[in-house]
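Residues per chain are reported as follows:
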Amino acid sequence: MTDLANAAPAAVIHPGLPADQRRMIDLDDAIAKIRTQIATADLARQRGHKPIDPDWFHRARTALRHLSRERAELLAKGTGRRRREKLKDALIGVLRERHDPDTWNGILAEAQARSERECL
């Protein structure tokens, strides 16, 4: 059974993942931790036990903003969905080169019809 406390570090050190994806996992984990800390502090504030330290809150929000910015830069660079789109483009290029124009048009028409049927 997976130890939930160590699930993210185990995923991060997976040797098959590219460095960008491992960094994205690190960032997502850090962002989740900060959001959890902010939510916990807000719940304590609502219960009236203690106010949120404004300096701590500012540091937490600043860290969250910086981590989110780094995550956005990784996504813009091509991590995740963009990588999948590049693979699809390469696959289309290979298939187009291997088929004559009439066969390619038939494949393309079939793919468009399937896309419309499945509402893609």
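Residues numbered from 1 in each chain as written. Predicted model: local features only at pLDDT ≥ 70, side-chain atom pairs only at ≥ 80, totals over all residues. Heavy atoms only, no water.

1. Overview of the nonpolar core
Membership of the largest hydrophobic core is limited to 9 residues, which are Met24, Leu27, Ile31, Ile34, Ile38, Ala60, Leu64, Leu67 and Leu74. Taken together, the elements giving at least two residues each to this core come down to α2 (19–47) and α3 (54–77). When residues of this core are assigned to their parent elements, the largest contribution, 5 residues, is made by α2. With residues near it in sequence (within four places) discarded, leucine 67 still touches Leu27, Ala30, Ile31 and Ile34. (Core = buried A, V, L, I, M, F, W, Y, C linked by side-chain atoms within 4.5 Å. Buried < 20%, exposed > 50% of the residue type's maximum accessible area, 1.4 Å probe, protein only. Helix = DSSP H or I, 4+ residues; strand = E, 2+ residues; numbered from the N terminus. Contact = heavy atoms within 4.5 Å.)

2. What about the confidence of the model for the protein chain?
Caution applies to low-pLDDT parts of the model: their predicted coordinates are not meant to be read in detail. The predicted model of the protein chain averages 84 in pLDDT, with 83% of residues at 70 or higher. Within the protein chain, the lowest mean pLDDT, 54, falls on helix α1 (residues 7–12), and the highest, 92, falls on α3. (pLDDT = per-residue confidence, 0-100.)

3. Looking at helix α5 (residues 101–117)
Residues spaced three or four apart along an α-helix face the same direction, because each turn holds 3.6 residues. In this model α5 runs 24 Å from its N-terminal to its C-terminal C-alpha over 17 residues, within 8% of the 24 Å that 1.5 Å per residue would give. For α5, the N-terminal capping position is held by aspartate 100, with its side-chain oxygen 3.1 Å away from the main-chain nitrogen of aspartate 102. One or two steps after α5, the chain reaches cysteine 119, where phi turns positive at roughly 55 degrees. (Expected span 1.5 Å × (residues − 1). Polar contact = N/O pair within 3.5 Å; in protein donor to acceptor, adjacent residues only side chain to side chain.)

4. Structural notes on the pattern of salt bridges
What the rule picks out here adds up to 5 salt bridges. Of the charged contacts, one joins aspartate 28 and arginine 71 as a salt bridge, the two residues approaching to 2.4 Å between their closest N and O atoms. Within this pair, whereas aspartate 28 is found in helix α2, its partner arginine 71 is found in helix α3, the two being separated by 43 residues in sequence. Overall, the relative accessible area of 27% leaves arginine 71 in the partly exposed class. For arginine 69, the salt bridge goes to glutamate 73, with nearest N and O atoms at 3.0 Å. In this pair, arginine 69 and glutamate 73 are both assigned in helix α3, 4 residues apart and thus about one turn of the helix distant. Judged by its relative accessible area of 55%, arginine 69 falls in the exposed class. (Salt bridge = Lys/Arg side-chain N within 4 Å of Asp/Glu carboxyl O.)

5. Considering the layout of surface pockets
If you add up the space inside the largest pocket, you get close to 270 Å³. Considering the residues around the largest pocket, the lining is formed by Lys88, Leu91, Ile92, Leu95, Trp104, Ile107, Leu108 and Ala111. Split into classes, the residues belonging to the lining of the largest pocket amount to 7 nonpolar, no polar and 1 charged. (1 Å grid on protein atoms, 1.4 Å probe; cavity = no way out; pocket = protein on both sides within 12 Å on 5 of 7 lines; lining within 4 Å. Points joined across faces, edges and corners; volume = space filled by probe spheres on them. Nonpolar A, V, L, I, M, F, W, Y, C, P; charged D, E, K, R; others polar.)

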